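Results of the structural survey
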Amino acid sequence: MKRSIKKVAVLGSGVMGSRIACHFAGIGVQVLLLDIVPKEAVESTDPKLRNKIVNDALAAAIKSNPSPVYHKDVIKKISTGNFDDNMKDIAGCDWIIEVVVERLDIKKIVYEKVEQFRKPGTLITSNTSGIPIHMLSEGRSEDFKKNFCGSHFFNPPRYLRLLEVIPTPDTDPAVVDFLMSYGDLYLGKTTVLCKDTPAFIANRVGVFGMMAIMNVKEKLKLSIDEIDALTGPIIGRPKSATFRTADVVGIDTLVKVAKGVADNCPDDEARDQFTIPAWLDKMVANNWLGDKTGQGFFKKTKGAAGEKEILTLNLDTMEYGPRVKPKFATVEAAKPIDDLYQRLKMLCAGQDKAGDFYRHFHYGLFSYISHRIPEISDELYRVDDAMMAGFGWEIGAFESWDVLGVGKTVEAMKTAGYKVAPWVEEMLAAGNKNFFKVEAGKKYCYDPASKSYKVLPGGEAFIVMSNYQDKLVWKNGSCKLYDLGDDVLGLQWFTKMGSIGGDVLAGIQTSIEKAEKSYKGLVIGNEGSNFSAGANVGMIFMLAIDQEYDELDMAIRLFQNTMMRARYSSVPVVVAPHGLALGGACELSLHADKVCPAAETYTGLVELGVGLIPGGGGTKEFALRASDEMHEDEPETITLKNRFLNIATAKVATSAFEGFDIGVYRKGLDEVVVNQGRRIAEAKKSVIEISDSGYTMPVQRKDVKVLGRSALGALYAGIHAMKTANYATEHDAVVAKKLAWVMCGGDLSEPTFVSEQYLLDLEREAFLSLCGEKKSLERIQSVLKSGRPIRN
């Protein structure tokens, strides 16, 4: 049957249920969210009382930070009710997702009610994380079983991209195919097909990893602070590392999953690793469960002066003490290395306690995952997909093994007393040295069953530019330009935080030049954690502090000219940002023919956060768009004021959908890609479509209407009012006036039509003048010291 998901019923409004409902609403689906009637309202007929549990849960989810939705307006798509009064309404739903408490008996009661009202053929799935899926559907009708499956989302559903799909022997294969496809295309998920084994894939491997780390901690006598310093971003893992992650997830949850694996996996060769240490049992007994109870491995308190302080638990004394920032020679040596692959090699080769930890940690992990094939998955790439999407790893476990050298590591593991599964040794004996390999832009994975390599599914839908090394067209110190096929070029760069400096600007210019000669167009994107945090502020600071204003002027001109080159080229330029796309990266998006941002793109012109104005064409472009948005039926200053405020307050969209609200993306032209992995392919497709539709190079604008004094006075008055009310500092006011001056076209006596170049010249002059301001330099220096992106 051809399925279309127009309305979803979510049964259970707890932390997961309410946020799953929000995520579906975020992609435009109508949602019915149901939960039980409170005990005190069983006899009541008042809907407010009877729906109190579900309404309170939804309200709490909406207020939570980070937000569970892409845009606040989507909440209107969620309607609420209760199991007694509204279960009948599931008859109008296309997919029913059960997210009630993790008790088999209660879930079966819910399914009994569902069978009374569910229309035949409707999808029915469970979000259980621990109960075997086949047990849930026992005793149900044939149609129920045929359309039933596990659909395990990870919390928070908007941000963690994993969706595990777990069929039973009775599940129709077409249902599995649909869920795998829908989760990918519409929910933006990495959909991973799992076997119905305890904890499925991600939690099985992830919880093993956490428990194994705790055991290595005991062996090497490492502290909690030391472990978290060793297992965070330095090895491509989230900042929450190990023990902080346990506090966030809930220590009781961690213990429950670990015990579940130990109890239900008697043949697991590493079963002893899941044994709960005495100190962990004591924490559960003390109700020290992490964030949910206010203390776990860490505890937030207030110092003597009232400042916030985070204390760390000493597992030997079971007392809290001040956090200690550990230092290891191996880690300090590896920190400057941006390339994660090279960093991992250095860390695992370390000769101090950190090196010992990394070797034990990786050897244990590699041994475990090798023995899980084919128990939890026939395909080993699914294990890597699950860990990256569900636990936020930058690199999968098998890929890490490739980086460290499979053959060399296996020998070291044997020497250290770690065993590998026989299929790994068979692979090596056959002359196959890696689990993954890339040929002709396609990534292949070793398949133990056939003892051969098979291409990863997805094909052209998931373009990874780094897989096109054999189609490298050009490179410099920071950039690489690839032939992506079908006469389309792809540019990416590899700077820290994706910062845009001279090399990157040269890369953009050269890429456009080459595309104009022989190709249909250019895609600009990259594969780092973020697209770009903006221009190279360090370079600007050094030139300004040395008062090299001629060089600074040339640098700003180069940035402006590069943005204009993107706008006025003879081939389409499509930008595909994700993560941070701030400042200069936002300006690049503003000048592209089209933008295909990932849904999780955080964009905005944030330069005022360091006492500057957007100097790469961003101020000009907002003035131009304000001109185009002026209407006769409303004051001309309204649209200008709105765009001025977005820059003046350094407003950042917290999703690509909000990017339309702040005027960065254009409705009807730019296109949000919910699945981040598809954005490069979608951008390539857009290049081809724009080119084939008869693309011609635009002509630079000379009809930009600026309002001069008529608007300048009003903006100056607003700036003065903000300063007087202490909402802006003296320097904020100075910068805001410079911004207003540019966006109004200067001190013109009446509204006037000007050229883009006129506005660019004003923008550059204002930017250069602010680079000489002491307060601006102090703010830039502060940002550089923090190592964080510019924020307001």
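The structure contained in this document is the topic of the report that follows.

Procedures and definitions
- Residues numbered from 1 in each chain as written.
- Predicted model: local features only at pLDDT ≥ 70, side-chain atom pairs only at ≥ 80, totals over all residues.
- Heavy atoms only, no water.
- Helix = DSSP H or I, 4+ residues; strand = E, 2+ residues; numbered from the N terminus.
- Rg over C-alpha atoms; globule rule 2.2 N^0.38 Å.
- Buried < 20%, exposed > 50% of the residue type's maximum accessible area, 1.4 Å probe, protein only.
- Contact = heavy atoms within 4.5 Å.
- Areas by Shrake-Rupley, 256 points an atom, 1.4 Å probe, with all protein chains shown as cover.
- Lys, Arg positive; Asp, Glu negative; His and termini not counted.
- Charge placed at Lys NZ, Arg CZ, Asp CG, Glu CD.
- Expected span 1.5 Å × (residues − 1).
- Arc of directions from axis to C-beta.
- Axes fitted to C-alpha atoms, helices over the stretch in contact; angles between N-to-C directions.
- Left-handed = near helix turned anticlockwise from the far one by under 90°.
- Nonpolar A, V, L, I, M, F, W, Y, C, P; charged D, E, K, R; others polar.
- Salt bridge = Lys/Arg side-chain N within 4 Å of Asp/Glu carboxyl O.
- Pairing = 2+ DSSP bridges.
- Phe/Tyr/Trp six-rings, centres within 6.5 Å; stacked < 30°, edge-to-face > 60°.
- Lys NZ or Arg CZ within 6 Å of the ring centre and 35° of its normal.
- Core = buried A, V, L, I, M, F, W, Y, C linked by side-chain atoms within 4.5 Å.
- Disulfide = S-S within 2.5 Å.
- Right-handed = clockwise from strand over helix to strand, strands pointing away.

Our next topic: the overall build of the protein chain. The number of helices and strands found in the protein chain is 32 helices and 24 strands. Its C-alpha radius of gyration of 28 Å places the protein chain within 12% of the 28 Å reference for a compact globule of 792 residues. Counting across all 792 residues of the protein chain, residues that qualify as buried make up 55%. When contacts within the protein chain are restricted to residue pairs at least 6 apart in sequence, long-range pairs at least 24 apart make up 70% of them. Surface summary for the protein chain: the accessible area is close to 33,800 Å², and the carbon and sulfur share equals 53%. Of the side chains in the protein chain, 98 bear a positive and 102 a negative charge, and the two mean positions are spaced by 2 Å.

Attention shifts here to helix α12 (residues 251-264). Between the first and last C-alpha of α12 there are 20 Å, a value that for 14 residues agrees with the 20 Å anticipated at 1.5 Å per step. Inspection of α12 places Ile251, Leu254, Val255, Val257, Ala258, Val261 and Ala262 among the buried residues, and these make up the whole buried set. Each buried residue of α12 sits inside an arc of 165° when the element is viewed along its axis, so together they form one side. Exposed side of α12, more than 90 degrees from the buried face: Lys256, Asp263 and Asn264 are the residues found there. Buried residues belonging to α12 abut α9 (202-220), α11 (243-249) and α13 (278-285).

Turning next to the packing of α9 against helix α16 (residues 353-371). Viewed as axis vectors pointing N to C, α9 and α16 meet at an angle of 145°, and their least axial separation amounts to 10 Å. Along this stretch, α9 crosses α16, giving a crossing that reads as right-handed. Residue-level contacts link Arg204, Val205, Phe208, Ile213, Val216, Lys219 and Leu220 of α9 to Lys353, Asp356, Phe357, His360, Phe361, Gly364, Leu365, Tyr368 and Ile369 of α16. For the contact of α9 with α16, the class distribution of residues is 10 nonpolar, two polar and four charged.

A word on helix α18 (residues 397-404). With eight of its eight residues buried, α18 lies for the most part within the structure. Those residues of α18 that sit buried are Ala397, Phe398, Glu399, Ser400, Trp401, Asp402, Val403 and Leu404. Residue Gly405 follows α18 closely and has a positive phi angle near 90°.

What follows is about the side chain of Glu399. Mapped onto the elements of the fold, Glu399 is located in helix α18. Here Glu399 sits buried without a salt bridge, and the closest side chain of opposite charge, Lys443, lies 4.3 Å off (N-O distance). The contacts of Glu399, once residues within four sequence positions are left out, are Tyr341, Asp384, Phe436 and Lys443.

For the bond from Asn155 to Pro156, the omega torsion is 0°, close enough to zero to count as cis. Structurally, Pro156 is set in the loop between β6 (148-153) and β7 (162-166). The backbone phi angle of Ala440 is positive, close to 50°, even though this residue is not glycine. Among the structural elements, Ala440 can be located in the loop between β12 (436-439) and β13 (442-447).

With mixed pairing, the eight strands of this open sheet are ordered in space as β3-β2-β1-β4-β5-β6-β7-β8. The open sheet is flanked by β3 (78-82) and β8 (190-193), the only strands paired with a single partner. Neighbouring strand axes in the sheet, compared pairwise and without regard to direction, differ in orientation by 25° on average. With four bridges connecting them, β6 and β7 associate as antiparallel partners. Looking across to β7, one finds that Gly150 is bridged to Ile166.

Hydrogen bonds along the backbone pair up the strands of a sheet, which may run parallel or antiparallel. Overall, mixed pairing links the six strands, which are arranged β15-β16-β17-β18-β19-β21 in an open sheet. Each edge of the sheet is formed by a strand with only one pairing partner; in this case those strands are β15 (472-475) and β21 (594-595). Two elements, strand β18 (residues 521-524) and strand β19 (residues 573-575), share three bridges in a ladder whose sense is parallel. The partner of Val523 across the bridge, within β19, is Val574. Across the face of the sheet, helix α21 (residues 502-518) comes into contact with β15, β16 (479-483), β17 (488-493), β18 and β19 while running at roughly 175° to β17.

Considering all chains together, one arrives at 29 aromatic pairs under this definition. Note on Phe24 and Trp95: the rings are 5.3 Å apart at their centroids and 85° apart in plane angle, and the pair reads as edge-to-face. Note that Phe24 is positioned in helix α1 (residues 15-26) and Trp95 in strand β4 (residues 95-98), a separation of 71 residues in sequence. Under the relative-accessibility criterion, Trp95 is labelled buried at 1%. Among the aromatic side chains, those forming a connected cluster through ring pairs are Phe366, Phe398, Trp401, Trp423, Phe435, Tyr446 and Tyr453. Lying across the ring of Trp393, Arg237 places its NZ or CZ 3.4 Å from the centre. In this structure, Lys443 packs its charged tip against the face of Phe436, placed 4.9 Å from the ring centre.

The subject of this paragraph is the nonpolar core. Counting residues in hydrophobic clusters, the biggest one holds 114 residues, and the most contacted among them are Phe297 and Trp401. Among the elements that take part in this core, α9 stands out by supplying 11 residues, more than any other. Cys479, Ala653, Leu712 and Cys744 belong to the second largest nonpolar core, which has 78 residues in total.

Further remarks concern the environment of Leu380. Inspection of the secondary structure assignment puts Leu380 in helix α17 (residues 380-391). Residue Leu380 is classed as buried on the basis of its relative accessible area, which comes to 0%. When the C-alpha positions of Leu380 and Val403 are compared, they lie 16 Å apart, and in sequence the two are 23 residues distant. With residues near it in sequence (within four places) discarded, Leu380 still touches Ile373, Phe398, Trp423, Phe435, Phe436, Cys445, Tyr446 and Pro448.

What follows concerns the environment of Gly485. Along the chain, Gly485 turns up in the loop between β16 and β17. Residue classification places Gly485 among the buried residues on the basis of a relative accessible area of 17%. Between the C-alpha atom of Gly485 and that of Glu527, which follows or precedes it by 42 residues, the distance is 18 Å.

Quick look at the state of the cysteines now. Here the structure, examined in full by the defined rule, presents zero disulfides. Note on Cys22: no disulfide assigned, nearest cysteine sulfur contributed by Cys93 at a separation of 16 Å. You can see Cys445 has no disulfide; the closest cysteine sulfur is in Cys194, sitting 15 Å from it. Judged by its relative accessible area of 4%, Cys445 falls in the buried class.

This next bit is on the pattern of salt bridges. Scanning the model with the defined rule gives 49 salt bridges in all. A salt bridge links Arg678 to Asp184; the nearest nitrogen and oxygen atoms lie 2.6 Å apart. Note that Arg678 is positioned in the loop between α27 (656-661) and α28 (679-692) and Asp184 in helix α8 (residues 173-185), a separation of 494 residues in sequence. A single burial state applies to Arg678 and to Asp184, both of which are buried. Connected through salt bridges with shared partners, the residues Arg204, Asp268, Glu269, Arg372 and Glu375 form a single ionic network.

To continue, consider the pairing of strand β5 (residues 123-126). Of the two faces of β5, the one carrying Leu123 and Thr125 and the one carrying Ile124 and Ser126 are both buried. Relative to β5, β4 runs parallel, the two sharing four bridges. Across the sheet, the residue bridging to Glu98 is Ser126, located in β5. Handedness of the β-α-β unit built from β4, helix α5 (residues 104-117) and β5 comes out right-handed.

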